[in-house]
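Residues per chain, in single letters:
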Amino acid sequence: MLTLTNIHAKYGSITALRGISLEVKEGEMVALIGVNGAGKSTTLATIAGTLKPAQGTITFQGVSLVGSKPEQIVRKGIALVPEGRDIFPSLTVEENLRLGAFTRNDRAEYKRDMDEMFALFPILKNRLNQLGGTLSGGEQQQLAIARALMSHPKLLMLDEPSLGLAPTLVDQIFELIVTLHQRGVTILLVEQNVERSLEIVDRAYLLNTGRLEVEGTPAQLQERIDIQGIYLGQHKGRNSL
Amino acid sequence: MITLDFLINAITLGSLYALIALGLVIVYGILKLANFAYGEFIMVGGYALYMISTIAPLPWLILAILAVLTAVAVSYFTELIAFRPVREKSLTALLITSFAVSTLLQNAALIIVSPRAKAVPLPQLFSTSINILGSDVPVRNVLTIITAFAIFGLLTLLLRKTVLGIALRAAADNFKMTRMLGVPANLVISAAFIISGLLAGVVSIFWVGRTASVTPTIGAAPLLVAFIACVIGGMNSLLGAVVGGFVYGFLFSFLSLLLPQGLLDYREAFMFVIVILILLFRPEGLIRNKYSGERVG
């Protein structure tokens, strides 16, 4: 479904990606793991079109994405829930969701989608007319995911969805991701909570300083991380593995 | 001491200043560009009123509408031709482009028309007064207030009730995220410039209506008004622009009322002292927007 081949990317003079190749198949849930600065968020940014890769190709359902603007890429069926949620603080919850449905013009469908979001995220229904900026971190995360789902993405990219959330909320978010996956959404997940991610994904890629280190199923990865555990061990400590 | 006369004068000035400031802030909120060519959009409106009236003997209302549309068109085309190509570069590039557009439009007026003031047609209504509760109130003032409040209302409706309006507000919060939801960058920015041009056009009618003439440099004064109103009210919200415009209008009217005859010429100097005091104690302006986003990259 999504294929990245030899992607290089830079922020100004700083090289962030040095030849990333990866693939997400339809219906799969794939995780990108690695320490801070490994290039996980940058990889998502090149897919979402907010950062132009210096080199390499990205294809989604057989169509090249390189050079497309962010607003065109979401229309092709890719939605990103960015790190830090990036909900619109001065817009109400409803307005946030309405913009999530910007690429869809069917009013009846919009109403149906809203009802579905209320079923998935009951808290949003109570907060509908509240400003996004007044929500708690967990509520903002739910809103950000709901907003992304409003565009009916074929591929949902989640960047650190559990970051900064209380442990009970982290459980809730991970359950939600599993539910979405079971419903048939293809998911590309970036998470610092490696252990939890490996429990739920089909495959994972381990990134390190802009390069691909290891790729495989969680079982394969865990085997090899024991050998190369240093990469995660260095920064995360043994406990998080 | 505060008579109905005074109040209506202050509200008239405040309404006009609020309209002026809104046109500047609607673009600033999204692009973070203080558009120095904004005053020239007002000038263009005035010249359109003059030039079209010399070509075709149309009813004044039609002339005024055509003048407003000319300002809208000029604002939109400068976005298309001048600002869009440099948008991705840097804020400095945008700012300097706005100086260039300003100079270009001023010189165009100088060369095409004349450096001298040109008389602008105004309807009889603009020079008549009506009696409200015993005071003689110029109809022009009443029209200014009604027009301004109608525009505040329409703009609020647009920004709250339409998807485009919600997208405009979202873009002021976080432009990149707005694009990632599928809102085209060009749509939002063009819309902001069109609204800015519309406000400049409407302002131009009432601004040239005060002196019944137009000169190439007529845009400088309203531009300054817009900046001062924004400093007072806060640059990061439309509400701030409106509040700033009204506060400016009222302060100015009070100074005109309170200062002795000999000091009246120094109204502006007193005005700036007040602005400096506001800046000292409330550097973000009276209305703060804790959610304002970063510049479009």
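Quick note: structure is the one above.
Residues numbered from 1 in each chain as written. Chains lettered and ligands numbered in written order. Predicted model: local features only at pLDDT ≥ 70, side-chain atom pairs only at ≥ 80, totals over all residues.

## Remarks on the packing of helix α3 (residues 60-86) of chain B against helix α8 (residues 185-211) of chain B
All names here are of chain B. Interaxial distance between α3 and α8 falls to 7 Å at its minimum, and their mutual angle equals 145°. Judged by the sense of rotation from one axis to the other, the crossing of α3 with α8 is right-handed. When α3 is examined against α8, the residues A64, A67, V68, A71, V72, V74, S75, Y76 and E79 are found in contact with a partner set consisting of I189, S190, F193, I194, S196, G197, L198, A200, G201, V202, S204 and I205. Considering only residue class, the contact of α3 with α8 consists of 14 nonpolar, six polar and one charged. (Axes fitted to C-alpha atoms, helices over the stretch in contact; angles between N-to-C directions. Helix = DSSP H or I, 4+ residues; strand = E, 2+ residues; numbered from the N terminus. Left-handed = near helix turned anticlockwise from the far one by under 90°. Contact = placed C-beta atoms within 7 Å. Nonpolar A, V, L, I, M, F, W, Y, C, P; charged D, E, K, R; others polar.)

## Comments concerning the sheet that holds strand β7 (residues 155-159) of chain A
Residue and element names in this part refer to chain A. A sheet is described by the order of its strands in space; here six strands give the open sequence β6-β7-β8-β3-β9-β10, paired in mixed fashion. The outermost strands of the open sheet, each flanked by one partner alone, are β6 (78-81) and β10 (211-216). Strand-to-strand, the axes of this sheet are offset by a mean angle of 15°, without reference to chain direction. Bridge count for strand β9 (residues 203-208) against β10 is five bridges, and the pairing is antiparallel. Bridging across to β10, N208 finds its partner in R211. (Pairing = 2+ DSSP bridges.)

## Overview of the interface of chain B and chain A
Contacts between the two partners involve 17 residues from chain B and, on the opposite side, 21 residues from chain A. When contributions to the side of chain B that touches chain A are tallied by element, the ones reaching two or more residues are α6 (163-173) and α7 (175-180) of chain B. By residue number, the principal contributor to the side of chain B that touches chain A is α6(B), which donates six residues.

## So, the sheet that holds strand β4 (residues 55-60) of chain A
Residues and elements named next belong to chain A. Read across the sheet, four strands follow the order β2-β1-β4-β5 without closing on themselves; strand pairing throughout is antiparallel. Lying at the two open borders of the sheet, with one neighbouring strand each, are β2 (14-24) and β5 (63-64). Sheet contacts for helix α1 (residues 40-48): β1 (2-11), β2 and β4; angle to β2, the most-contacted strand, approximately 70°.

## Concerning the nonpolar core
Here is a general trend for soluble globular proteins: nonpolar side chains tend to be buried in one another's company. Ranked by internal contacts, the top residues of the largest apolar core, which has 156 residues, are M157(A), A21(B) and A229(B). Here this core gets 17 residues from one element, more than from any other, and that element is helix α1 (residues 4-31) of chain B. A229(B) has contacts with Y17(B), I20(B), A21(B), A241(B), G244(B), G245(B) and Y248(B), leaving out every residue within four places of it along the chain. (Core = buried A, V, L, I, M, F, W, Y, C linked by C-beta atoms within 7 Å. Buried ≥ 20, exposed ≤ 12 C-beta atoms within 10 Å, placed from the backbone.)

## Comments concerning unusual backbone geometry
Residue and element names in this part refer to chain A. For R85, which is not glycine, the phi dihedral falls at a positive 70°. Its place among the elements puts R85 in the loop between β6 and α3 (93-100). Residue classification places R85 among the buried residues on the basis of 24 C-beta atoms within 10 Å. The backbone phi angle of D86 is positive, close to 50°, even though this residue is not glycine.

## Brief notes about helix α4 (residues 91-112) of chain B
Residues and elements named next belong to chain B. Counted at 1.5 Å a residue, the expected span for α4 with its 22 residues is 32 Å, and the 31 Å between its end C-alpha atoms agrees. Buried within α4 are the following residues: L94, T97, S98, V101, S102, L105, Q106 and A109. For α4, the arc enclosing every buried residue in end-on projection is 165°, short of the 170-degree limit, so these residues lie on one face. Those residues of α4 that are exposed and aimed more than 90 degrees away from the buried face are T92, F99, N107 and I111. At its buried positions, α4 is contacted by α1, α2 (38-55) and α3. (Expected span 1.5 Å × (residues − 1). Arc of directions from axis to C-beta.)

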